[in-house]
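Structure at a glance
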Amino acid sequence: QVQLVESGGGLVQAGGSLRLSCEASGIIFSTTMGWYRQILGQQRELVATITRSGRTTYAESAQGRFTVSRDNAKNAVYLQMDSLKPEDTAVYYCRVETGVAVESPVYWGQGTQVTVSS
């Protein structure tokens, strides 16, 4: 029913850029959308989020380098990643909320690998 399809990951050199995309199908209305990342063996951590009205939140490590945006009509969320560092290497997951209630469903993408070489 609901699917979040991610794309845009890959291998880049330090200082390079990537643009991640996540398109959600089967969702009528989304509230907060965002990106999380996970290094193998570590906990998943927040990278950036954006509300339906456009308010954004960034991890301190991403501030000034990453930009999150969305297309409400397409239920899509994007992450422009500039000035990439080796420590940004991780699997990146998009996350979509469908409401503010505790019972509101939350959906995750399949993850896309980002590797930054030094």
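No experiment lies behind these values; they were computed from the predicted model shown.

When its secondary structure is counted, the protein shows zero helices and eleven strands. N-terminal to C-terminal, the α/β element order of the protein is β-β-β-β-β-β-β-β-β-β-β. The globule rule puts the C-alpha radius of gyration for 118 residues at 13 Å, and the 14 Å found for the protein is close to it. A principal-axis box enclosing the C-alpha atoms of the protein has dimensions of 40 × 25 × 25 Å. Here the protein holds 118 residues, and 42% of them are scored as buried. Of the contacts formed within the protein by residues at least 6 apart in sequence, a portion of 54% connects residues at least 24 apart. Carbon and sulfur atoms make up 49% of the accessible area of the protein, which amounts to about 6,400 Å² in all. Placing the 10 positive and 10 negative side-chain charges of the protein at their respective mean positions leaves the two points 3 Å apart.

Topologically, Asp88 is positioned in the loop between strand S8 (76-81) and strand S9 (90-97). Judged by relative accessible area, Asp88 falls into the buried class, the value being 0%. A polar side-chain atom of Asp88 sits 2.8 Å from a polar atom in the side chain of Arg65. Leaving out residues up to four positions away in the same chain, Asp88 has contacts with Arg37, Arg65, Phe66, Ser83, Val114 and Val116.

With that settled, consider the pattern of salt bridges. Applying the stated criterion across every chain, the model contains four salt bridges. Across the pair Asp88 and Arg37 runs a salt bridge, and its minimum N-O distance is 3.0 Å. Taken together, the residues span a long stretch of sequence, with Asp88 in the loop between S8 and S9 and Arg37 in strand S4 (residues 33-38) at a distance of 51 residues. The pair Asp88 / Arg37 is uniform in exposure class, with both members buried.

The next thing to look at is the sheet that holds strand S7 (residues 66-71). The antiparallel open sheet is built from four strands, whose spatial order is S1-S3-S8-S7. Sheet topology places strand S1 (3-7) and S7 at the edges, where each strand pairs with a single neighbour. Neighbouring strand axes in the sheet, compared pairwise and without regard to direction, differ in orientation by 15° on average. With six bridges connecting them, S7 and S8 associate as antiparallel partners. Bridge assignment links Val68 to a residue of S8, and that residue is Leu79.

Procedures and definitions
Residues numbered from 1 in each chain as written. Predicted model: local features only at pLDDT ≥ 70, side-chain atom pairs only at ≥ 80, totals over all residues. Heavy atoms only, no water. Helix = DSSP H or I, 4+ residues; strand = E, 2+ residues; numbered from the N terminus. Rg over C-alpha atoms; globule rule 2.2 N^0.38 Å. Buried < 20%, exposed > 50% of the residue type's maximum accessible area, 1.4 Å probe, protein only. Contact = heavy atoms within 4.5 Å. Areas by Shrake-Rupley, 256 points an atom, 1.4 Å probe, with all protein chains shown as cover. Lys, Arg positive; Asp, Glu negative; His and termini not counted. Charge placed at Lys NZ, Arg CZ, Asp CG, Glu CD. Polar contact = N/O pair within 3.5 Å; in protein donor to acceptor, adjacent residues only side chain to side chain. Salt bridge = Lys/Arg side-chain N within 4 Å of Asp/Glu carboxyl O. Pairing = 2+ DSSP bridges. Axes fitted to C-alpha atoms, helices over the stretch in contact; angles between N-to-C directions.

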